[in-house]
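Next come the chains, spelled out residue by residue.
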Amino acid sequence: MPWRKYIMTLLRRKVTGGTGNNGLLSMDPNNYEYSFDNTINIREIYYKIVDSEPNNQHLYEEISKNYVTIGEQILKSISKRAGIKVGKNVKFDKMTGVYRSAVYGYVVYDGMNSVSVIPVINVSEKWRGIMVLPPQKNVKKQLGIDDINSMISELPIQLMVNYDRITELVEENLKFNEGVCCVFVEGKKPIDGNVQKVILDYDMSIETGKKSEDGSIDFKERSFIHNIEAGVQIAHFIPEKPAIDGLDIYDEVMEANYDDDPCYKIGNNLKVEADGINIKSAIKGILVNNNNTISVSNVIEIEKVDLSTGNIEVDGSVIIKENVTPGFSIKTEGDIKVNGNIEDAKINCGGNLIVSGGIIGGPDSDMHINGKVYASFIRNANLISNGDVIANQIVNSDISCNNRVIVLEGKGVIIGGNIKALNGIWAKSIGAISESKTTIIVGRDAEADALFKNIVTTIKTNREEINKYKTLLGAEYFKDPKAFIQRIPENKREAIKNILKKVTNLVKETAELEEKRKQMSEEFEKLSNSSVSSMEGFFPGVTVYISNIRKYVTKKTSGTEYFYSKELRDISEKAPKTLPPEEYAVIDIKADI
C-alpha cells in the first residue's frame with residue numbers, strides 16, 4: 001500500500017490496540033454498553049446459594065438482576081471489536097459487536113477481562129449437576145419441567161438423576177414465584193492432596209522506603225534485613241494429605257491433584273514447637289531465605305548496598321559481594337566483609353571490617369569499627385577503630401586506632417592525613433617526596449585523645465566565660481562581694497545572684513577539668529613506649545608525636561624507628577624491626593548456613 005496509507009493504518013492500530021476485527025481493543029470502558037448489572041459479583045452469590053443458603057430469597061433477588069435467556073444481548077462493543085474476552089456460554093457477533101447468551105443463565109462480568117454465563121443447568125464442575133432457577137413470574141420465558149428435563153437429557157449423564165426433586169422444585173418455583181436450587185445428580189468430588197508444607201508467617205517483604213513526619217519517603221530505609229529475636233513465630237506446617245480421586249457424573253474417574261511443593265524448607269536455628277505445627281526462631285539473628293530454605297543465621301550474604309537494599313542494619317555479620325554505593329550506611333553487631341569497595345558511606349561495625357577493595361571517604365563518610373580493619377587501600381577516609389588497622393596504603397585519611405596501624409604489604413605507604421595508634425605504627429614508607437603534611441601520633445588512646453582535646457577546649461572556653469563575667473561585675477565585687485551586693489537595687493539582685501552562681505559553677509568545673517587533664521597527661525607519659533617504624537624511611541613534611549613529645553622530619557631518612565627515650569626525655573631513632581606476617585594476616589568470616 002502507499003506509504004501514507006500504511007502509516008495511517010499503523011496509527012489506527014496503535015489507537016485501537018489491535019489489527020483488524022480480531023485484534024485487541026484498548027480497554028476503554030466507554031467502548032461497551034452493558035445490558036445487565038456489571039457491579040454485582042454474580043459468581044459469589046451463585047455459590048453462596050448452592051453451597052450454603054439455598055433458601056435465601058434475597059440472594060435470588062440479587063442474582064435475578066443478571067438472569068438472561070437464550071440469544072439475549074448481554075454486552076455490546078461500540079467499536080464492534082471483541083476486546084473483552086468471550087467466555088463460556090457466550091457468542092460474539094462480529095458484524096454488530098454484540099455479545100449474546102447461548103443458554104438460560106446468569107451473566108458474569110469479570111471486569112474488563114471476560115464475560116460469561118452460568119447456565120441454569122450447570123455441570124461445569126463435572127462431579128455434580130446443579131439447577132438454580134430464579135423467580136420466574138416476570139421473566140420473558142418461563143422454564144417448566146419439560147424444559148429443564150430437555151436440557152438435562154441433552155447431557156450424556158451416566159449417574160442417576162433425581163428427577164423427582166427437580167419436578168418438586170420447579171413446581172414450587174412456578175407456584176410461589178420463589179428461587180430454587182438443588183444438586184440433581186452427584187458423583188464424588190476429588191480431594192486434592194499435598195506434601196507437608198511450610199507456610200511462612202513472618203513477613204519477609206521489603207519496604208519501598210520509610211515515610212518521614214513531613215510526608216517524604218526515605219528510599220534508603222527499606223528494612224532489607226530481617227533481624228529477629230529468639231522465640232519469634234516464623235512459620236507453621238500444613239500436614240501432609242493424601243489425594244483421593246473422585247467420580248464425575250459421566251461415570252469417569254476424576255483424578256485428584258497432588259501438590260508436591262513444600263513451599264519452604266526448614267534450615268538452621270529454627271525449632272518446631274511441641275504442637276508439631278508452629279516453627280519459631282531458636283536464636284537471635286538474621287532471618288534468611290536461601291533458595292526457599294528458611295534459616296536464622298548470624299551472617300547474611302547480599303549482592304551490594306544501593307537503592308535496591310537501602311541502608312543495612314544487621315544483628316550479626318554481613319558479606320557484601322560487590323560495592324557499597326556512596327551515601328548509604330551499614331550498622332552491624334558483627335563483622336562486615338566487602339568484596340568490592342566502600343565509598344563515602346557511614347559504617348558502624350561491631351566486629352571486624354574486611355574490604356577486598358578500598359575504603360574511599362567523602363563528605364558523608366564516617367566509620368566506627370569495634371574490631372580490626374583490613375583494606376587494600378584507605379583514601380580520604382575518617383575512621384575510628386578499636387583494633388588494628390591493616391592496609392596496603394593509606395592516603396589523606398584521618399585514622400584513630402586503639403591498637404596498631406600496619407601498612408607493610410603492597411606499596412606500604414602512608415601519605416598525608418592524621419594517623420593515630422595507641423600501640424604503634426609500621427609502614428614501608430611514611431610521607432611523600434612532595435612533602436605532604438602527614439601527622440603520626442602513637443601512645444595515645446584514640447578516644448582518650450579526643451576526650452583530652454575536648455577537655456582542653458572546654459577549659460579554654462570556661463576561662464573566657466569567667467573573664468567575661470568578671471569584667472561585667474567589675475573590680476568592686478572582688479574587693480568586698482557582700483558590700484557589692486548590698487549596693488545593688490533589690491530588683492536587680494536576683495539577676496546578679498544568677499550570674500554569680502554561673503561563675504561559681506564554671507570555676508568548679510574548670511578546676512575538675514584541670515585535674516582530669518593532669519591525670520591524662522601522666523597516663524600519656526606511661527604510654528610513651530609505643531614507636532613509629534618505617535622500613536624504607538620518612539619524608540620531610542611528616543610530624544611524629546609520641547605521647548606529648550613532637551618531632552618534625554626535615555630531611556629524607558632511610559629505614560627508621562622513632563621511639564621515646566626516657567634517658568633523653570625526647571624522641572630518638574634506631575633501625576626498625578619489622579613485624580611477623582602472621583600478625584597482620586587477613587582473617588575471614590563464614591556464613592553458618
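Structure's up top.
Definitions and limits used
Residues numbered from 1 in each chain as written. Predicted model: local features only at pLDDT ≥ 70, side-chain atom pairs only at ≥ 80, totals over all residues. Heavy atoms only, no water. Helix = DSSP H or I, 4+ residues; strand = E, 2+ residues; numbered from the N terminus. Contact = heavy atoms within 4.5 Å. Areas by Shrake-Rupley, 256 points an atom, 1.4 Å probe, with all protein chains shown as cover. Pairing = 2+ DSSP bridges. Buried < 20%, exposed > 50% of the residue type's maximum accessible area, 1.4 Å probe, protein only. Expected span 1.5 Å × (residues − 1). Arc of directions from axis to C-beta. Salt bridge = Lys/Arg side-chain N within 4 Å of Asp/Glu carboxyl O. Polar contact = N/O pair within 3.5 Å; in protein donor to acceptor, adjacent residues only side chain to side chain. Phe/Tyr/Trp six-rings, centres within 6.5 Å; stacked < 30°, edge-to-face > 60°. Lys NZ or Arg CZ within 6 Å of the ring centre and 35° of its normal. Axes fitted to C-alpha atoms, helices over the stretch in contact; angles between N-to-C directions.

Caption draft 1: Region of the structure containing the overall build of the protein. Along the protein, the regular secondary structure elements total 9 helices and 47 strands. With respect to the principal axes defined by its C-alpha atoms, the protein has extents near 125 × 75 × 75 Å. Considering only contacts in the protein between residues 6 or more positions apart, those separated by 24 or more positions represent 49%. A total of about 31800 Å² of accessible surface is found on the protein, and carbon and sulfur atoms cover 49% of it.

Caption draft 2: Spotlight on the sheet that holds strand S25 (residues 293–297). Spatially, the 4 strands line up as an open sheet ordered S16-S24-S25-S21, and their pairing is mixed. With partners counted over all chains shown, the strands left at the sheet margins are strand S16 (226–228) and strand S21 (265–266), one partner each. Summarising the sheet, strand S24 (residues 285–290) and S25 pair through 5 bridges and their orientation is antiparallel. Note on S25: the bridge partner recorded for asparagine 290 is threonine 293.

Caption draft 3: Region of the structure containing unusual backbone geometry. One non-glycine residue, asparagine 89, adopts positive backbone phi at about 65 degrees. Among the structural elements, asparagine 89 can be located in the loop between strand S4 (85–86) and strand S5 (90–93). Phi is positive for asparagine 177, which is not a glycine, with a value near 55 degrees. Note on placement: asparagine 177 falls in the loop between helix H5 (163–176) and strand S11 (180–186).

Caption draft 4: Examining the pairing of strand S43 (residues 532–538) more closely. Across the 7 residues of S43, 5 count as buried, placing the element largely inside the fold. As defined by bridge partners, strand S41 (residues 425–430) adjoins S43 across 5 bridges and the pair is classed as parallel. Across the sheet, the residue bridging to isoleucine 430 is phenylalanine 538, located in S43.

Caption draft 5: Expanded view of H5. Compared with an ideal rise of 1.5 Å per residue, which puts 14 residues at 20 Å, H5 spans 20 Å between its outermost C-alpha atoms and is within 8% of the ideal. For H5, the full list of buried residues reads Ile166, Leu169, Val170 and Asn173. All buried residues of H5 project into a common sector of 100 degrees when viewed along the axis, lining one side. Opposite the packed face of H5, turned more than 90 degrees from it, sit the exposed residues Asp164 and Lys175. For H5, the elements touching its buried residues are strand S10 (128–133), helix H4 (145–153) and S11. Two residues or fewer past H5, asparagine 177 is found with a positive phi of approximately 55 degrees.

Caption draft 6: Spotlight on the pattern of salt bridges. Under the defined criterion, the tally for this structure stands at 18 salt bridges. Between glutamate 125 and arginine 128 there is a salt bridge, with its nearest N and O atoms 2.5 Å apart. When its relative accessible area of 22% is taken as the criterion, glutamate 125 is described as partly exposed. Between aspartate 388 and arginine 404 there is a salt bridge, and its shortest N-O distance comes to 2.9 Å. Placement of aspartate 388 in the loop between strand S36 (382–385) and strand S37 (389–391) and of arginine 404 in the loop between strand S38 (393–401) and strand S39 (405–407) is noted, with a sequence separation of 16 residues between them. An identical accessibility class is assigned to aspartate 388 and arginine 404; each is buried. Within the structure, one salt-bridge network assembled from shared partners comprises Asp51, Glu125 and Arg128.

Caption draft 7: Representation of the environment of aspartate 51 in the model. Structurally, aspartate 51 can be placed in helix H2 (residues 42–51). C-alpha separation for the pair aspartate 51 and valine 117, spaced 66 residues apart in sequence, amounts to 19 Å. Only 3.1 Å separates the side chain of aspartate 51 from the side chain of arginine 128, close enough to count as a polar contact.

Caption draft 8: Spatial organisation of the side chain of threonine 543. Within the secondary structure, threonine 543 is located in strand S44 (residues 542–546). In contact with threonine 543, other than residues within four places in its own chain, are Thr438, Thr439, Ile440, Arg550, Lys551 and Tyr552.

Caption draft 9: Highlighting helix H3 (residues 57–64). Three or more residues of H3 are buried, namely Leu59, Tyr60 and Ile63. Buried positions in H3, seen along its axis, are confined to an arc of 100 degrees and lie on one side of it. Those residues of H3 hidden inside the fold are in contact with H2, strand S2 (67–68), strand S7 (105–110), S10 and S11. You can read the cap of H3 off the contacts: a side-chain oxygen lies 3.0 Å from the backbone nitrogen of histidine 58, and it is on asparagine 56.

Caption draft 10: Inspection of the packing of aromatic side chains at higher detail. Going through the model one piece at a time under the given rule, you end up with 6 aromatic pairs. Between the aromatic rings of phenylalanine 92 and tyrosine 99, the centroid separation amounts to 4.7 Å while the plane-to-plane angle is 55 degrees, which identifies the pairing as tilted. Geometrically, the ring pair formed by phenylalanine 538 and tyrosine 562 is tilted, given 4.7 Å between the ring centres and 55 degrees between the ring planes. Of this pair, phenylalanine 538 sits in strand S43 while tyrosine 562 sits in strand S46 (residues 560–565), placing them 24 residues apart in sequence. Summarising the burial analysis for this pair, phenylalanine 538 and tyrosine 562 share the class buried. Every member of this aromatic cluster is reached through a ring pair, and the members are Tyr46, Tyr47, Tyr67 and Tyr106. Its guanidinium or amino end placed over the ring of phenylalanine 539, lysine 556 lies 5.0 Å from that ring's centre, counting from NZ or CZ. Lysine 574 extends its terminal NZ or CZ atom over the ring of phenylalanine 563, reaching a point 4.8 Å from the ring centre.

Caption draft 11: Focus on the environment of phenylalanine 184. Residue position: phenylalanine 184 is located in strand S11. Using a relative accessible area of 1% as the deciding quantity, one classes phenylalanine 184 as buried. Separated by 247 residues in the primary sequence, phenylalanine 184 and glycine 431 place their C-alpha atoms 97 Å from one another. What phenylalanine 184 contacts, discounting residues up to four positions off in sequence, is Ile121, Val123, Gly129, Ile130, Met131, Ile152, Ile157, Met160, Val161, Asn162 and Ile166.

Caption draft 12: Just the sheet that holds S11, in detail. Read from one edge of the open sheet, 3 strands run S9-S10-S11, paired in antiparallel fashion. Of all the strands in the sheet, just strand S9 (121–122) and S11 have a single pairing partner and so form its edges. Where S10 meets S11, 6 bridges bridge the pair, whose relative direction is antiparallel. Pairing of methionine 131 across the sheet is with cysteine 182, part of S11. Its contacts with the sheet put H5 on S10 and S11, and the angle it makes with S11 is roughly 170 degrees.

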